[in-house]
Amino acid sequence: MNTLMNYTAENLWIIQQKGFDPSLQGKSEAIMTLGNGYMGSRSTEEEDYIGMRRDTFVAGTFNQFDENEVTELPNMPDLWNMNFKFNGRRLSLLQGMVSDYQKSLNLQNGELTRSFIWEIEELKLRFHYRRFISKTRLHFLASELTLENLTEMPVQVEAFSGINGQMTNSGSQHFTEGVKGYIENRYLQMMPQTSQSKIDFVLTVDHRLSENLEDLTKRAIMDRRAIYDQIKFVLKAGSSIQLEKRANVYTSIDKDLEDHSINFMRTNAIEEMKATADKSFDELLAESGDAWQQIWQKHPIKIQSNNFRDQLAIRFAQYHLHSTVPAHDERMNIGAKALSGEGYKGHAFWDTEVFMLPYFTFAHPEIAKSLVTYRYLGLEGAHKKAKSNNFEGAQFPWEAAWPTDGEVTPLLGAVDVVTGLAMKIWSGLIEQHITSDIAFAVKNYIDVTGDVEFARDKAYELLIDTAKFWSSRLEWSADKNLYEIRDVIGPDEYKEHINNNAYTNYTAAWNIRYVINLIEELKTSDTESYGKLDAKFNLSSLTRDLQEKLPLIFLPEPTVDGIIPQDDSYLTKKIIDLSPYMGEENIGRIHENYNTEQVNQIQVTKQADVLLLMLLFEGLFDKKLKLKNFDYYEPKTTHDSSLSLSTHAILSADLGKLEQSYDFFKRACDIDMGDYMRSSDDGIHAASLGGIWQMTIFGYGGVRMVDGKLRIEPHLPAEWSMLDFGFDYQGESLSVSVNHDGFTVQKKNNGTSVSFSYLDKIYTLVDELKFSF
């Protein structure tokens, strides 16, 4: 049976797969992941197949399986399993004949459906599955099967459905078995505990069946790390039944619980089941759908394009950002694979601040506030990391889990093709630009939202602490008579142990410069905040230190050809033909021919580095310089990181290369949505999805913060005839409509006026402004 993604212009809310191939399960499992931010679950088949990854994660429940492994989100017991026998034959799409197979995710309401007809010998049955994780009730999930007998004879049905605790993270078992129970002769319960972090889980399942089933029997079966309902009945000829499975999940770190004892959580879980007993599956789904509608109705994005998939892509991106963001708890962040797979162990990277946070900052500032608060709560861990490296201040971890944990990057990774040994992962040790990335993101949040309370209570402290780190990180070079930042990895992770990475040096200098100005401003305009921070940092002494060092920080200057060196040695490295390593099908293939040390000696860039610097700090560089550097570095960039294409798309749009920009846009959208069926096996690429929003709003909508001020300069690709979108800015709600003749900016409420720039001129928006191109 051919398996392929199927998108249609008739419904721009549906992600669909047609056909089933057991060797290609990972694609739909990941890109159709269900979630509500509290938990996320891959959309596996209900029946079991070799190669499937039944992954369900609860945000923040990190556990360390072994002292030689790093902490990760544990794959909790599975609640979706539903296995059948019909007249003694086990349901398997690998046997018999399967027709009309389709599996779909409705982005509009978060409902997954799967349907097919299965024929084997005398049997012919139609299956229609539905499931959702509630966006309204954080702990609740449900599935429903409509089973139809298409034969003229009765069928003996035997179902096994319950809680399967035999799940692992690729072999690492993070849970004790815990107590199991069959409550009130109806509710299945399992209470496992994580082995190291000692987080208690309470999992509850309730099955509901159609009435008047013939010869119905039901009994509970307890197995090792599992508890099931065995349900038997006769399905009459030509008849259909519904089997519904409801479940909920609670943990001992849930903020919405007043009591975290096992007994309370068990009782609370049963009470929720009873409280929803009078509501049908459709009513509960509609309730969840209403919560999704609130998201879609705030700043809807409308694209008129020659390619209908562009509209679908932005909805796909927004869906996954909202299905994974832990808006309910500021102690948690977004993992690089969201909640859609084990990849990167659920850890948060700079991906959040640089690629995903901007969406929430502009569109859902209340969620953005939770995400930046997570980094404030991580100061303890950042202090631990700085101290362990003999630095001062806050050095944020490259990979973060629970905010106070500090660094959780694994030490060893993939195999070295030359030595055959596992390669050391240096990112956790020397990829340090994440500290200024976080500072930049926090500052940007304040600029966009005007959240003075957060600034005074948390942000100023974080910003000063990061500048203090950079001051201690600088190394004096007697040869240059300047401060350097040596032995680092920049955004281009193909270059390890390099000196004076342009992105790192420029962003560190920005961090220090900004804090010098901030301290001076607080000293005169906010003496209360200044006093609190002075008691913690000795601001006068810190300011002197920062002021002395700032003008002496080495910032790579353009060569005579106008190229900013990515680092001290990049431009001296050899140039090779990179064409065999370009394109989606060749991601990472360079490591099949070269090991890390050899790649380090080639002018090849994994992802945007200098070009990202020019995008984020565009006020520092003129257009001519950007163009020269784009033309130099882009052909040397393999885009082996999913973070890369959005930067190139936005920057090329700024430079008037709209045809090339749109090509980057399409390639970025295809990372997860494309036809390549193995692209998302380990999980979706969350940062790339944030990049889809940025390409749309920053790139083609032209919205940008430049030196702390709002700028709007749209430019549509030729394939688009219209773009409508909105965003929040300093408490006001703005909407923008763009076509090839011009654009209109409107302010939706009657608050204060808003100023923004367009083509270097400042405009004041009271209600509406129109511009012609």
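The following refers to the structure shown. Position numbers for residues start from 1 in each chain and track the written sequence from start to end. This being a predicted model, a pLDDT of at least 70 is required before a residue's local features are given, and a value of 80 or more before pairs of side-chain atoms are given or counted; all residues contribute to the totals for chains, interfaces and linings. No hydrogens and no water enter the side-chain calculation; it runs on all heavy atoms of the structure.

## A few points about the packing of helix α10 (residues 452–473) against helix α11 (residues 502–525)
- Axes, fitted as lines to C-alpha atoms, cover a helix only where it is in contact. Angles between the N-to-C directions of the axes lie from 0 to 180 degrees. In this text, helices come from DSSP runs of H or I with a minimum length of four residues, and strands from runs of E with a minimum of two, each type numbered from the N-terminal end. Relative to each other, α10 and α11 sit at 130°, their axes nearing to 9 Å. On the basis of the axis angle, α10 is oblique to α11. In the packing of α10 onto α11, the handedness of the crossing is left-handed. On α11, the residues touching Tyr460, Leu463, Ile464, Thr466, Ala467, Trp470 and Ser471 of α10 are Thr504, Ala508, Asn511, Ile512, Tyr514, Val515, Leu518, Ile519 and Leu522.
- Three classes are used: nonpolar for Ala, Val, Leu, Ile, Met, Phe, Trp, Tyr, Cys and Pro, charged for Asp, Glu, Lys and Arg, and polar for all others, with Gly counted as polar. Split into classes, the residues belonging to the contact of α10 with α11 amount to 12 nonpolar, 4 polar and no charged. When describing relative orientation, an angle under 35 degrees is termed roughly parallel and one over 145 degrees roughly antiparallel, while 65 to 115 degrees is termed roughly perpendicular and anything else oblique. Handedness of a crossing follows from how the near helix is turned relative to the far one, being left-handed for an anticlockwise turn of less than a right angle and right-handed for a clockwise one. Here, two residues are considered to be in contact whenever any of their heavy atoms come within 4.5 Å of each other.

## A closer look at the nonpolar core
- For the purposes of this section, nonpolar cores are sets of buried Ala, Val, Leu, Ile, Met, Phe, Trp, Tyr and Cys residues that join through side-chain atoms within 4.5 Å. Only protein chains enter the accessibility calculation, which uses a 1.4 Å probe. A residue is then buried if its area is under 20% of the maximum for its type, exposed if over 50%, and partly exposed in between. Core analysis: the largest hydrophobic core is formed by 174 residues, its most contacted members being Ile15, Val249, Trp350, Leu710 and Phe727.
- Per-element tally for this core: the top contributor is α11, with 12 residues.
- With sequence-adjacent residues up to four places away left out, Ile15 is seen in contact with Met5, Tyr7, Ile31, Met32, Lys103, Ser104, Leu105, Leu107, Leu312, Phe316 and Met673.
- Tyr49, Met82, Phe84 and Ile120 belong to the second-largest nonpolar core, a separate cluster that totals 28 residues.

## Some points on the pairing of strand β18 (residues 240–251)
- Within β18, 10 of the 12 residues are buried, leaving the element largely enclosed by the surrounding structure.
- Should DSSP find at least two bridges between two strands, the strands are taken to pair. With 9 bridges connecting them, strand β15 (residues 201–209) and β18 associate as antiparallel partners. Along β18, the bridge assignment pairs Thr204 with Asn248.

## Some words on the sheet that holds strand β6 (residues 82–86)
- A sheet is described by the order of its strands in space; here 5 strands give the open sequence β7-β6-β12-β17-β16, paired in antiparallel fashion. A strand with exactly one partner marks an edge of an open sheet, and here the two such strands are β7 (89–90) and β16 (214–223).
- By the bridge criterion, 5 bridges tie β6 to strand β12 (residues 155–164) in an arrangement that is antiparallel. Residue Asn83 lies in a different strand from β12, and its bridge partner there is Phe160.

## Thoughts on the packing of α11 against helix α13 (residues 539–549)
- Two elements in contact, α11 and α13, have axes separated by 10 Å at closest approach and are oriented at 140°. Once α11 is placed against α13, the crossing between them reads as left-handed. Contact with α11, carried on its side by Ile512, Val515, Ile516, Ile519 and Glu520, involves Leu539, Thr543, Leu546 and Gln547 of α13 and no other residues of that element.
- Considered class by class, the residues forming the contact of α11 with α13 number 6 nonpolar, 2 polar and 1 charged.

## Here we look at the environment of Ala459
- Along the chain, the position of Ala459 falls in helix α10.
- Assessed through its relative accessible area of 1%, Ala459 is described here as buried.
- On a C-alpha basis, the gap between Ala459 and Ser721 in space is 41 Å, while along the polypeptide they are 262 residues apart.

## What to know about the sheet that holds strand β2 (residues 14–18)
- Sheet architecture is open: 10 strands sit in the order β1-β2-β8-β9-β10-β11-β18-β15-β14-β13, paired in antiparallel fashion. Only two strands of the sheet have a single partner each, and these edge strands are β1 (4–5) and β13 (179–183).
- Bridging between strand β11 (residues 140–149) and β18 involves 9 bridges; their strand directions are antiparallel. Residue pairing for β18: Glu148 is matched across the bridge by Ser240.
- Where helix α2 (residues 262–275) meets the sheet, it contacts β11, β13, β14 (187–191), β15 and β18, and its direction lies at approximately 150° from that of β18.

## Side note on helix α3 (residues 281–297)
- Expected span of a helix: the number of residues minus one, times 1.5 Å. Its 17 residues place the ends of α3 24 Å apart at the C-alpha level, agreeing with the 24 Å of an ideal helix rising 1.5 Å per residue.
- Among the residues of α3, Phe281, Leu284, Leu285, Glu287, Ser288, Gly289, Ala291, Trp292, Ile295 and Trp296 are the ones counted as buried.
- The elements touched by buried residues of α3 are β3 (34–35), β9 (111–120), β10 (123–133), β11, β18 and α4 (309–324).
- Directly beyond the C-terminal end of α3, a positive phi value near 55° is found at His299.

## Some remarks on helix α17 (residues 644–654)
- Taking burial as the measure, the 11 residues of α17 include 11 buried ones, the bulk of the element.
- Restricting attention to buried positions, one finds in α17 the residues Ser644, Leu645, Ser646, Thr647, His648, Ala649, Ile650, Leu651, Ser652, Ala653 and Asp654.
- Taken together, the buried residues of α17 touch α5 (350–363), α15 (610–616), α16 (623–633), α18 (658–673), α19 (686–700) and β24 (703–706).

## Remarks on the layout of surface pockets
- Method remark: on a 1 Å grid restricted to protein atoms, a set of points is classed as a cavity if a 1.4 Å probe fits but cannot get out and as a pocket if it is open with protein on both sides within 12 Å along at least five of seven lines; lining residues have an atom within 4 Å of a point. Grid points are joined across faces, edges and corners, and a volume is the space filled by probe spheres set on the points. Approximately 850 Å³ is the volume found for the second largest pocket.
- Lining the second largest pocket are 39 residues, and of these Phe440, Lys443, Asp447, Trp510 and Gly708 lie nearest its centre.
- At the level of elements, α5, α9 (434–449), α11, α15, α19 and β24 are the ones that each hand at least two residues to the lining of the second largest pocket.
- Top element by residues in the lining of the second largest pocket is α11. It accounts for 10 residues.
- Along the lines of polarity and charge, the residues of the lining of the second largest pocket split into 23 nonpolar, 7 polar and 9 charged.

## A look at the pattern of salt bridges
- Here, a salt bridge means any Lys or Arg side-chain nitrogen found within 4 Å of an Asp or Glu carboxyl oxygen. Taken as a whole and judged by the stated rule, the model has 48 salt bridges.
- Among the ionic pairs, Glu528 bridges to Lys532, the shortest N-O distance being 3.7 Å. Taken together, the positions of Glu528 and Lys532, both in helix α12 (residues 527–537) and 4 residues apart, correspond to about one turn of that helix.
- Judged by relative accessible area, Lys532 falls into the exposed class, the value being 58%.
- A network of salt bridges, in which partner residues are shared, links Glu45, Glu46, Glu47, Lys103, Arg114 and Arg131.

These figures come from the coordinates and say nothing about function on their own.
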